[in-house]
Amino acid sequence: MTKYIVCVLVFSTSLFAKPKETVLETDVYVGDTIHYQIELTEMYESNLDMEEGEIYEDDTMPSYKIFDLVKEKTKIKASIVFYKPGTYFLPVSWDQNDERLKSTETIKVKSQLLGNEIDIEDIEPPIYFSGPFFLRLLVILIITAINIYLLYALYIYWKSKPKVMDAIWEKQPILEETTKRLHSIELYFKSEIIYEKELAFKISEYLKVAYSKKLNKDLLGKTDSEFLAELFDRTHIDESILRETRVYFRNTKYNDNHTELTKESANSLWEKIKRDFEL
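Notes on the structure follow. (Residues numbered from 1 in each chain as written. Predicted model: local features only at pLDDT ≥ 70, side-chain atom pairs only at ≥ 80, totals over all residues. Heavy atoms only, no water.)

A closer look at the packing of helix α4 (residues 196-215) against helix α5 (residues 224-234)
Closest axis-to-axis distance for the α4/α5 pair is 11 Å, and the angle between their directions is 35 degrees. The two elements α4 and α5 cross, and the hand of that crossing is left-handed. Along its contact with α4, which presents Ser204, Leu207, Lys208, Tyr211 and Leu215, the element α5 presents Asp224, Phe227, Leu231 and Arg234. Taken together, the residues of the contact of α4 with α5 sort by class into five nonpolar, one polar and three charged. (Axes fitted to C-alpha atoms, helices over the stretch in contact; angles between N-to-C directions. Helix = DSSP H or I, 4+ residues; strand = E, 2+ residues; numbered from the N terminus. Left-handed = near helix turned anticlockwise from the far one by under 90°. Contact = heavy atoms within 4.5 Å. Nonpolar A, V, L, I, M, F, W, Y, C, P; charged D, E, K, R; others polar.)

Quick look at the structure:
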């Protein structure tokens, strides 16, 4: 009887035991990199395997990418960056009792750029005026109108004064900000070494300056996510381009990236950005 109970316990343990899977991060958003680890815990488990590279779950663009894969006999470590929101099962498999099993660990990825998440944009509560607020508002409007009138009168007076221009001391015209940023990128292409990270910063700043002029709004102080969200709301640029650009800027600008680009690849990247953003 004792032998029978021991056999049942051993069989049940073999049936329900599975490798230990760990994901260090809890909340995962599109563009985030997670650190995944799986380790075999039983003697009858073997042939642990995982695919590396971009994983497609449809025909449009990769859903996520597996990189920095480290394989050991009973353990695998990997880094994974996600390009789309959704629930994912990683391509991990192993042999257990002559049967090939796959991972059932779920990883839920949330969206930051699109959807109904409240962290995309701060929603200001409505402002209600009542009682003394009407009086304060009226005083503010009167003071503002007086200041605008005084500034306009000062401008008219300044314009009416004759100006003496000295050819020697006359200041040179200041280049437009978009022209300066564009010139900075073109000069950088002539450098002996072109770093992808520095080029991404220059392109990001140029896009913000260019669209500040197009949309008549100061966008230079916004983060990449806020800037691209503004373009999503106010332009007809395809959402997949905005999502792809956000992921690229996040992975290139804020990771430990020392990648050097050839002049051909740098120019190809620049031409694609200009084409995607209609510049």
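That was the structure; now back to the text.
Things to note about the layout of surface pockets
Of the voids in this model, the largest pocket is the one considered here, and its volume is about 640 Å³. What lines the largest pocket is a set of 24 residues, and nearest its centre among them are Tyr83, Val247, Tyr248, Asn251 and Thr252. Within the residue set of the lining of the largest pocket, elements represented by two or more residues are β6 (64-71), α6 (239-253) and α7 (263-276). No other element matches the seven residues that α6 contributes to the lining of the largest pocket. For the lining of the largest pocket, the per-class residue count stands at ten nonpolar, seven polar and seven charged. (1 Å grid on protein atoms, 1.4 Å probe; cavity = no way out; pocket = protein on both sides within 12 Å on 5 of 7 lines; lining within 4 Å. Points joined across faces, edges and corners; volume = space filled by probe spheres on them.)

Looking at unusual backbone geometry
Phi at Asn216 is positive, roughly 55 degrees, even though this residue is not glycine. Mapped onto the secondary structure, Asn216 falls in the loop between α4 and α5. Residue classification places Asn216 among the exposed positions, given a relative accessible area of 72%. One non-glycine residue with positive phi stands out, namely Glu278, at about 55 degrees. (Buried < 20%, exposed > 50% of the residue type's maximum accessible area, 1.4 Å probe, protein only.)

Points about the sheet that holds strand β11 (residues 106-110)
The strand order across the open sheet built from three strands is β2-β11-β8, with neighbouring strands paired in mixed fashion. Strand pairing shows two members of the sheet lacking a second neighbour, β2 (28-29) and β8 (86-89), which therefore form its edges. When β8 meets β11, the two strands line up antiparallel, connected through four bridges. Paired with Phe89 across the two strands is Thr106, which belongs to β11. (Pairing = 2+ DSSP bridges.)

A word on the packing of aromatic side chains
Scanning all chains against the criterion turns up eight aromatic pairs. Here the aromatic rings of Tyr64 and Phe82 are separated by 5.5 Å at their centres, their planes lie at 45 degrees, and the arrangement is tilted. Residue Tyr64 is located in strand β6, and its partner Phe82 is located in strand β7 (residues 75-82); the two are separated by 18 residues in the primary sequence. Of the two residues examined, Tyr64 and Phe82, each falls in the buried class. Look at Tyr211 and Phe277: their rings are 6.5 Å apart centre to centre, the planes differ by 70 degrees, and that puts the pair in the edge-to-face class. Here the residue Tyr211 occupies a position in helix α4, and Phe277 occupies one in the segment after α7, the gap between them amounting to 66 residues. (Phe/Tyr/Trp six-rings, centres within 6.5 Å; stacked < 30°, edge-to-face > 60°.)

Structural notes on the pairing of strand β3 (residues 33-39)
Side chains Ile34, Tyr36 and Ile38 of β3 all project onto a buried face; the interleaved residues Thr33, His35, Gln37 and Glu39 project onto a face where none is buried. Both strand β1 (residues 20-23) and β3 contribute to a ladder of four bridges, which runs antiparallel. Each bridged residue has a counterpart across the sheet, and for Glu21 the counterpart in β3 is Ile38. When β3 meets β7, the two strands line up antiparallel, connected through seven bridges. Along β7, the bridge assignment pairs Ile38 with Ile76.

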